[in-house]
Each structure stands twice: as structure tokens, then as C-alpha cells.
Amino acid sequence: MTVNDALKAAASQIAPACEINGANPARVAKALLMRHLGVKIEWIFLNLTRELDDVDGYFALVKRFANHEPLEYITGEAGFYGLTFNVKKGVLIPRPETEILVEKSLEILSNLPAQKGSPLVAEIGAGSGIISICLALNSNAKIIASDISDDALNLARENAAKFGVEDRIEFVKCAYLDQIYGRFDLLVSNPPYIALDYELDKFVLNEPHEALFGGAAGDEILKNIILVAKNRGVKYLACEMGYDQRESMQNALKFNGFEAEFYKDLAGFDRGFVARNIFANF
Ligand code: GLN
């Protein structure tokens, strides 16, 4: 079977799955082939008429996608903030909207009043480590990040080493900041915030449920994070949230002494906030 014939057959096998997440079958077929052969896209265009090596191995990958395994888990990579992070099953795949949370956090860090030493940042729910790593790469902050999942912590450490910031970020296994001490200038989190009864597509359901679902209403973990932020006296809190959680976040933040600004994602949905603790000592 030639490379071209394999690509065509693969595209038709994955077309139904692509309808679910809006992916382009021809493009996914090529991405899977790049992964299978370890080649760049140019190689494919130059070798369309060549016989494909290990046809079964290629169609095994195609089958994984047809069974709704996200492409990023199959290729082991995801792009975020202009970088390529390692990803794997068991850990949330980075989403483009989380880049806005990184931007907002960097803005807060750059506007902190001049102080002795580096700003101190804590992250709750590091996942693949994208947020903490992007903050480390673009500021002089010292960062401590938690996660409850060993798979996530291992992957986050691997990514931190990949980008040479392993000395700037400490990854700790715990919920919230339960095993993390000290005071922080900024607490950042993209926590699980989806309501349990929300219907997710089959690809997203292959991601870890503990990274997606925040509880019956969805905003339970976010509310706990606001309480942690207040109790620990953090100066700033920046979080991603669900499109329908603005009102409940606004109330919880106000009640706990935070002045908040909300931001929208690229699709125009409410997606997060940055909040200043009016009682923190500056
Ligand atoms: N911080 C990681 C991310 O933004 C993981 C978040 C999560 O698992 N809920 O992708």
C-alpha cells in the first residue's frame, strides 16, 4: 500500500470521529503518519507514491483516533504558548484559552511593586505543568505547584526539565495548598470546573475526569480555591472558570474580600478572572 493510499484509507476511517470534534480527517491522517514514521510533513509530500512501512502499525494508530482517543495522546505532544509540551493519557491536554490565564498572570507579576527577591507564585492543579512553566520562562518568579495526580506531577516535572526550569518550580503532591507553606504574591489555577451532568464529547471523556469535573454544580473547587486564597492571604488570585460561573464567582470573591476583573475567551465566553485581595498586606 502506498503512502497516499494509506492516507486516503485512514481519512475515511476517522471521518466519523472527526465530525465529533471538528478535526480535519486528511490532516489527522497525516499527523498520525508523521508520528508513526517519525517524519516531518515535507517527507510525506515527497513520498506519496512510496510503499508504506509497517502498514498495520499505522492503522493501529488510526484505530485509536477512530475510537476517540485525542490526537495529542497518540502523538504525545500538544502546542501551548508557542511551545511543544509532552502530554500523555491521564493528564489534561492544554487548551488554547488557558494561554489567556498565563498572560493575565504575567501581567500581575510585572505590575507587582518592586520587592526584595523574586515574586512567589503558587499553582493549584499543575496538570502537565503548562501554566507554571510558562510563568517561569517569562518572569523571575519562584513557583510551587500542586497536583493530586502522580501522572500529572511526573509529566509536569518532565516538561519543566524539557524547558530548563526544573530549578524554579517545585511540584508537590497534595490537594489545594494542603502541603505547601508560605505566603504567595499570586495564586493561579485552571481547576476542574465542569458540572457533573454536563455532556462532554467522546474525545474529552477520554481525558481524566478528576481534571475536568468540579462537582455537581461545577464551581465547587473554584469556591474552595477562593477560600484558600483568603485564608492564606495571597495578594492576587487568577483562575480560569466555566462560561456560566461569572455570577457565582463574583459573589464568592466579593464575600471573601477580593476585587475582581473578569475576562472572556476567544469565542467571547466568560472564561476567568484576576482578583486582588483587598486585605492582603502589600
Ligand atoms: N494546569 C493544567 C492546565 O491548565 C491542568 C489543569 C487541570 O488538570 N484541570 O492544563
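Refer to the preceding data block for the structure.
How each quantity is defined
- Residues numbered from 1 in each chain as written.
- Predicted model: local features only at pLDDT ≥ 70, side-chain atom pairs only at ≥ 80, totals over all residues.
- Heavy atoms only, no water.
- Pairing = 2+ DSSP bridges.
- Helix = DSSP H or I, 4+ residues; strand = E, 2+ residues; numbered from the N terminus.
- 1 Å grid on protein atoms, 1.4 Å probe; cavity = no way out; pocket = protein on both sides within 12 Å on 5 of 7 lines; lining within 4 Å.
- Points joined across faces, edges and corners; volume = space filled by probe spheres on them.
- Nonpolar A, V, L, I, M, F, W, Y, C, P; charged D, E, K, R; others polar.
- Near = heavy atom within 4 Å.
- Polar contact = N/O pair within 3.5 Å; in protein donor to acceptor, adjacent residues only side chain to side chain.
- Areas by Shrake-Rupley, 256 points an atom, 1.4 Å probe, with all protein chains shown as cover.
- Sits in = over half its atoms within 2 Å of the grid points.
- Axes fitted to C-alpha atoms, helices over the stretch in contact; angles between N-to-C directions.
- Contact = heavy atoms within 4.5 Å.
- Expected span 1.5 Å × (residues − 1).
- Buried < 20%, exposed > 50% of the residue type's maximum accessible area, 1.4 Å probe, protein only.
- Right-handed = clockwise from strand over helix to strand, strands pointing away.
- Salt bridge = Lys/Arg side-chain N within 4 Å of Asp/Glu carboxyl O.

Engineer: What is the right way to look at the pairing of strand β2 (residues 83–86) in this model?
Structural biologist: One ladder, built from four bridges, connects strand β1 (residues 77–80) with β2; its direction is antiparallel. The residue of β2 that forms the bridge with Ala78 is Phe85. Taking the residues between adjacent antiparallel strands as the criterion, β1 and β2 are bridged by two residues, where Tyr81 takes a positive phi near 55°.

Engineer: Looking at this structure, how should I read the layout of surface pockets?
Structural biologist: Empty space among the atoms can be located by rolling a probe the size of a water molecule over them. There is about 750 Å³ of room inside the largest pocket. Listed by contribution, the elements that provide at least two residues to the lining of the largest pocket are α5 (71–75), β7 (194–195) and α9 (209–212). For the lining of the largest pocket, the class distribution of residues is 17 nonpolar, five polar and 10 charged. One number sums up the size of the second largest pocket: a volume of about 490 Å³. Class assignment for the residues of the lining of the second largest pocket results in 18 nonpolar, eight polar and four charged.

Engineer: What is the right way to look at the site of the ligand in this model?
Structural biologist: Contacts to the ligand come from Leu92, Thr98, Glu123, Gly125, Ala126, Gly127, Ile130, Ile131, Asn190, Pro191, Pro192 and Ala211. A distance of 2.9 Å is found between a nitrogen atom of the ligand and a backbone nitrogen or oxygen belonging to Gly125. Within the contact set of the ligand, a nitrogen atom lies 3.1 Å away from a backbone nitrogen or oxygen of Ala211. Expressed as a share of its isolated accessible area of 290 Å², the protein-covered part of the ligand is 96%. The site holding the ligand turns out to be the second largest pocket. Along the lines of polarity and charge, the residues of the shell around the ligand split into seven nonpolar, four polar and one charged.

Engineer: Explain the sheet that holds strand β10 (residues 258–264) here, please?
Structural biologist: Two modes of strand pairing occur in sheets, parallel and antiparallel, and in both the strands are linked by backbone hydrogen bonds. Taken together, the seven strands give an open sheet; going across it, the order is β5-β4-β3-β6-β9-β11-β10, and neighbouring strands pair in mixed fashion. Pairing within the sheet leaves two strands with one partner each, and these edge strands are β5 (169–173) and β10. Adjacent strand axes in the sheet meet at a mean angle of 15°, parallel and antiparallel pairs treated alike. Pairing of strand β3 (residues 120–124) with strand β6 (residues 186–189), which is carried by four bridges, proceeds in the parallel orientation. The residue bridging Glu123 from the neighbouring strand is Val188, located in β6. Packed on one face of the sheet, helix α6 (residues 98–111) meets β3, β6, β9 (236–240), β10 and β11 (270–277) and runs near 170° to β9.

Engineer: It is not clear to me how helix α4 (residues 55–66) should be interpreted in this structure. Could you clarify?
Structural biologist: Along an α-helix, residues three or four apart share an orientation, since each turn contains 3.6 residues. Taking 1.5 Å per residue as the helical rise, α4 with its 12 residues ought to reach 16 Å, and the 16 Å between its terminal C-alpha atoms agrees with that figure. For α4, the full list of buried residues reads Gly57, Tyr58, Phe59, Leu61, Val62 and Phe65. At its buried positions, α4 is contacted by α1 (3–21), α2 (25–37) and α5. Directly after α4, the chain includes His68, whose backbone phi takes a positive value near 75°.

Engineer: How should I be thinking about the pairing of β5 in this particular structure?
Structural biologist: In summary, the side chains of a regular strand alternate between the two faces of the sheet. Looking at chain direction, strand β4 (residues 142–147) and β5 are connected through five bridges and run parallel. Opposite Ile143, over in β5, you have Ile169 as the bridge partner. Crossover connection from β4 via helix α8 (residues 150–162) to parallel β5: handedness right-handed.

Engineer: So what exactly am I meant to see when it comes to the pattern of salt bridges here?
Structural biologist: Side-chain pairing between opposite charges can occur once the charged atoms of the two side chains come close. Per the stated rule, a full pass over the model turns up 10 salt bridges. For Lys264, the salt bridge identified is with Asp270, shortest N-O distance 3.2 Å. Residue Lys264 is classed as partly exposed on the basis of its relative accessible area, which comes to 48%. Relative accessible area serves as the criterion here: at 15%, Asp270 is assigned to the buried category. A salt bridge links Asp265 to Arg271; its shortest N-O distance comes to 3.0 Å. We note that Asp265, like Arg271, is buried. Each of Arg246, Lys264 and Asp270 takes part in salt bridges that share partners, so that together they form one network.

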